[in-house]
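# A closer look at the structure
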Amino acid sequence: MWKDILEKFDKYPSQQKIIRKMLELGLKVDEDKKIYCKDVEINISSLAKSLDTDRRVVTSTIENILKDDILKNIFTNIYPSGALLTNLSDTLGLGVIEIEGEANKPGILSKVTELLAYEKISIRQAYASDPEIDLTPHLTIITDKPVNGDLIQLLLKIEGVSKVSLY
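The structure displayed is predicted, hence computed values, not measured ones. (Residues numbered from 1 in each chain as written. Predicted model: local features only at pLDDT ≥ 70, side-chain atom pairs only at ≥ 80, totals over all residues. Heavy atoms only, no water.)

In this section: the confidence of the model for the protein. This prediction gives the protein a mean pLDDT of 92; 99% of its residues lie at or above 70. Per-element mean pLDDT across the protein ranges from 79 in helix H1 (residues 2–7) up to 98 in strand E1 (residues 28–29). (pLDDT = per-residue confidence, 0-100. Helix = DSSP H or I, 4+ residues; strand = E, 2+ residues; numbered from the N terminus.)

Structure follows, in structure tokens:
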């Protein structure tokens, strides 16, 4: 799905970078040709600067989105997923498990949650990056408490999991 969207911008690598960032952050375009995160307007120059491009490229990207019915439907309805607690885990006394593996392998999340339930560890958040957007897709799970390092070996036994990190 995202691959099809990105292919529409194959001839415009700078615009493709903007599209990737908008998908990553859940930024939407409105009919007023502005970019929003929920109801907060995002400064076009700031977005351009963060991607080391010109604001005119962002404006052209917005115009191309609004000209295409499929892109318009996606980018006028996209919504950010919310605050990820990964960087706050120490402060909040939470645990973080990051898992890399075969993103197209079914059942990884199911087996991870089953293992955590068996260990009586509650999940506060689960976030899986999209393999079509993220070059290294991963599953991030925030737990209600720090996780014991012995869990790494059990998680690595799950089919499709290649790397596990605990924080």
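What follows concerns the sheet that holds strand E2 (residues 35–37). Spatially, three strands are ordered E1-E2-E3 in an open sheet, and the strand pairing comes out antiparallel. Only two strands of the sheet have a single partner each, and these edge strands are E1 and strand E3 (40–42). Across two bridges, E1 lies against E2 in antiparallel orientation. Paired with Val 29 across the two strands is Ile 35, which belongs to E2. (Pairing = 2+ DSSP bridges.)

So, on to the nonpolar core. Counting residues in hydrophobic clusters, the biggest one holds 24 residues, and the most contacted among them are Ile 19, Met 22, Val 29, Ile 35, Val 58, Ile 65 and Phe 75. Where this core is concerned, the elements lending two or more residues are H1, helix H2 (13–25), helix H3 (44–50), helix H4 (55–67) and helix H5 (69–75). Broken down by element, this core gets its largest block of residues, five residues, from H4. Discounting residues that sit within four places of it in the chain, Val 58 has contacts with Ile 18, Ile 35, Ile 44, Leu 47 and Ala 48. (Core = buried A, V, L, I, M, F, W, Y, C linked by side-chain atoms within 4.5 Å. Buried < 20%, exposed > 50% of the residue type's maximum accessible area, 1.4 Å probe, protein only. Contact = heavy atoms within 4.5 Å.)

A separate point is the pattern of salt bridges. Once the charged atoms of two side chains with opposite charge are near each other, the side chains can pair. Counted under the stated rule, the structure contains six salt bridges. Taking the shortest distance from any N to any O, the salt bridge between Asp 68 and Lys 8 comes out at 2.9 Å. Linking Asp 68 in the loop between H4 and H5 with Lys 8 in the loop between H1 and H2, this pair joins segments that are 60 residues apart in sequence. (Salt bridge = Lys/Arg side-chain N within 4 Å of Asp/Glu carboxyl O.)

Turning to the environment of Ala 117, a few remarks are in order. With respect to the element layout, Ala 117 can be found in helix H7 (residues 108–118). Overall, the relative accessible area of 51% leaves Ala 117 in the exposed class. Spatially, the C-alpha atom of Ala 117 lies 32 Å from that of Leu 23, the residues being 94 residues apart in sequence.

Looking now at the sheet that holds strand E5 (residues 123–128). Ordered by their spatial adjacency, four strands build an open sheet running E5-E6-E4-E7, and the pairing between neighbours is antiparallel. Both outer strands of the open sheet, E5 and strand E7 (161–166), are each paired with one neighbouring strand and no more. Between one strand axis and the next, the sheet turns by 15 degrees as a mean value, whatever way the strands run. (Axes fitted to C-alpha atoms, helices over the stretch in contact; angles between N-to-C directions.)

What follows is about the side chain of Ser 89. Along the chain, Ser 89 falls in helix H6 (residues 89–92). The exposure class assigned to Ser 89 is buried, which follows from its relative accessible area of 5%. Residues contacting Ser 89, with those up to four places away along its chain left out, are Leu 94 and Val 96.

What follows concerns the packing of H2 against H4. Look at H2 against H4: their axes get within 9 Å of each other, and the N-to-C directions meet at 75 degrees. One element, H2, and the other, H4, form an angle in the roughly perpendicular class. In this structure, H2 contributes Ser 14, Gln 15, Ile 18, Ile 19 and Met 22 to the contact, and H4 contributes Val 57, Val 58, Ser 60, Thr 61, Asn 64 and Ile 65. Counted by class, the contact of H2 with H4 contains six nonpolar, five polar and no charged residues. (Parallel < 35°, antiparallel > 145°, perpendicular 65-115°, else oblique. Nonpolar A, V, L, I, M, F, W, Y, C, P; charged D, E, K, R; others polar.)

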